[in-house]
Amino acid sequence: LAKTTQPISMDSYEGQEVNITCSHNNIATNDYITWYQQFPSQGPRFIIQGYKTKVTNEVASLFIPADRKSSTLSLPRVSLSDTAVYYCLVGDGRAAGNKLTFGGGTRVLVKP
Amino acid sequence: EPEVTQTPSHQVTQMGQEVILRCVPISNHLYFYWYRQILGQKVEFLVSFYNNEISEKSEIFDDQFSVERPDGSNFTLKIRSTKLEDSAMYFCASSPPGTGGWEQPQHFGDGTRLSIL
């Protein structure tokens, strides 16, 4: 199981772009990268998933360099409601039903 | 958007008592999971369930724990004799069948806060 390393916390201000980089040096060929968001007293919520290059949805963008040893979650123009813990997970995409292994995540605080 | 629902939102139980946590996964999902999160700590995997049997379980999921899908909609976690250290948020999750490509994301409920006195 590929280990992930991400910053413990980040502060930002409303309207700014937040970029969270996750290192996963021993990512395997069949591993995909997934980011979840967790608000206090709520369950984790899927944000975005990718394998390589760039993925964008209505919430975020995910940048993955060619060597796939890291990935960057980009949250454009954050608001106070984006204050949450963000988790980077790496897992085998070949089989459905695999468990998720969460690390400590990055606690993002958006200030007014 | 369909969601995973969990009941109750908060359960207070005396140590040694049995507790059942309930979940209604998203209707077309086939994979079901329980996770827990002790206050201030990481989300930890407990068990996964597919085709009416346990697919994988963690070391935490000992003989005091059991899961069941008693009908076509509910998915339950039972703790037979609760201990103080079982106090945590318990999250149920579900995911749809794989598409032959990448694994489908897991959808989480908002959890049951279990407090053991």
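All values reported here derive from a predicted model rather than from experimental measurement.

Draft legend 1. Here's a closer look at the overall build of chain B. What chain B contains, in helices and strands, is zero helices and 11 strands. In terms of principal-axis extent, the alpha carbons of chain B reach across some 45 × 30 × 30 Å. Sorting the 117 residues of chain B into buried and exposed places 43% on the buried side. Sequence-distant contacts, at least 24 apart, represent 55% of the contacts inside chain B between residues at least 6 apart. Computed over 9 positive and 15 negative side-chain charges, the separation of the two mean positions in chain B equals 5 Å.

Draft legend 2. Up close: the layout of surface pockets. Taken as a whole, the largest pocket encloses approximately 890 Å³ of empty space. When contributions to the lining of the largest pocket are tallied by element, the ones reaching two or more residues are strand S3 (31-38) and strand S8 (84-92) of chain A together with strand S9 (88-95) of chain B. Among the elements that line the lining of the largest pocket, the one with the most residues is S8 of chain A, at seven residues. A per-class count over the lining of the largest pocket returns 17 nonpolar, 16 polar and eight charged.

Draft legend 3. Inspection of the sheet that holds strand S6 (residues 61-64) of chain A at higher detail. All names here are of chain A. Taken in spatial order, the four strands of this open sheet run S2-S7-S6-S5, and their pairing is antiparallel. A single partner strand is all that each edge strand has here, and the edge strands are strand S2 (18-23) and strand S5 (53-56). Averaged over all adjacent pairs, the angle separating strand axes in this sheet is 15°, with direction ignored. Of the strand pairs in this sheet, S6 and strand S7 (residues 70-75) are connected by three bridges, and their pairing is antiparallel. Residue pairing for S7: Leu62 is matched across the bridge by Leu73.

Draft legend 4. Expanded view of the packing of aromatic side chains. Evaluation of the coordinates by the stated rule reveals 14 aromatic pairs over all chains. Of the aromatic side chains, those joined through ring pairs into one cluster are Tyr36, Phe46, Tyr87 and Phe102 of chain A together with Tyr33, Tyr35, Phe45 and Phe108 of chain B. Directly above the ring of Tyr51 of chain A sits Arg68 of chain A, whose terminal nitrogen or CZ lies 3.9 Å from the centroid.

Draft legend 5. Structural detail: the side chain of Thr82 of chain B. All names here are of chain B. Looking at where Thr82 falls in the secondary structure, it is placed in the loop between strand S8 (75-79) and S9. Within the local environment of Thr82, its side chain forms a polar contact with the backbone oxygen of Gln14, the two atoms lying 3.2 Å apart. Beyond its immediate stretch of four places on either side in the chain, Thr82 contacts Thr13, Gln14, Met15, Gly16, Gln17, Val19 and Ile116.

Draft legend 6. Inspection of the nonpolar core at higher detail. Ranked by internal contacts, the top residues of the largest apolar core, which has 21 residues, are Trp34, Leu46, Phe61, Val67, Phe75, Leu77 and Tyr90 of chain B. Those residues within four positions of Leu77 of chain B in sequence are excluded, and the remaining contacts are Val19, Ile20, Leu21, Trp34, Leu46, Phe61, Phe65, Ser66, Val67 and Tyr90 of chain B. Val18, Ile20, Trp35 and Ile48 of chain A belong to the second largest nonpolar core, which has 20 residues in total.

Draft legend 7. Structural view of the pattern of salt bridges. Under the defined criterion, the tally for this structure stands at three salt bridges over all chains. Between Glu56 of chain B and Lys99 of chain A there is a salt bridge, with the nearest N and O atoms lying 3.2 Å from each other. Highlighted residues: Glu56 of chain B in strand S6 (residues 53-57) and Lys99 of chain A in the loop between S8 and strand S9 (106-111), drawn from two different chains. Using a relative accessible area of 31% as the deciding quantity, one classes Glu56 of chain B as partly exposed. With relative accessibility at 35%, the residue Lys99 of chain A sits in the partly exposed group. Across the salt bridge formed by Arg36 of chain B and Glu44 of chain B, the nearest N and O atoms sit 3.2 Å from each other. Looking at Glu44 of chain B, the relative accessible area reads 25%, which means it is partly exposed.

About the cut-offs
- Residues numbered from 1 in each chain as written.
- Chains lettered and ligands numbered in written order.
- Predicted model: local features only at pLDDT ≥ 70, side-chain atom pairs only at ≥ 80, totals over all residues.
- Heavy atoms only, no water.
- Helix = DSSP H or I, 4+ residues; strand = E, 2+ residues; numbered from the N terminus.
- Buried < 20%, exposed > 50% of the residue type's maximum accessible area, 1.4 Å probe, protein only.
- Contact = heavy atoms within 4.5 Å.
- Lys, Arg positive; Asp, Glu negative; His and termini not counted.
- Charge placed at Lys NZ, Arg CZ, Asp CG, Glu CD.
- 1 Å grid on protein atoms, 1.4 Å probe; cavity = no way out; pocket = protein on both sides within 12 Å on 5 of 7 lines; lining within 4 Å.
- Points joined across faces, edges and corners; volume = space filled by probe spheres on them.
- Nonpolar A, V, L, I, M, F, W, Y, C, P; charged D, E, K, R; others polar.
- Pairing = 2+ DSSP bridges.
- Axes fitted to C-alpha atoms, helices over the stretch in contact; angles between N-to-C directions.
- Phe/Tyr/Trp six-rings, centres within 6.5 Å; stacked < 30°, edge-to-face > 60°.
- Lys NZ or Arg CZ within 6 Å of the ring centre and 35° of its normal.
- Polar contact = N/O pair within 3.5 Å; in protein donor to acceptor, adjacent residues only side chain to side chain.
- Core = buried A, V, L, I, M, F, W, Y, C linked by side-chain atoms within 4.5 Å.
- Salt bridge = Lys/Arg side-chain N within 4 Å of Asp/Glu carboxyl O.

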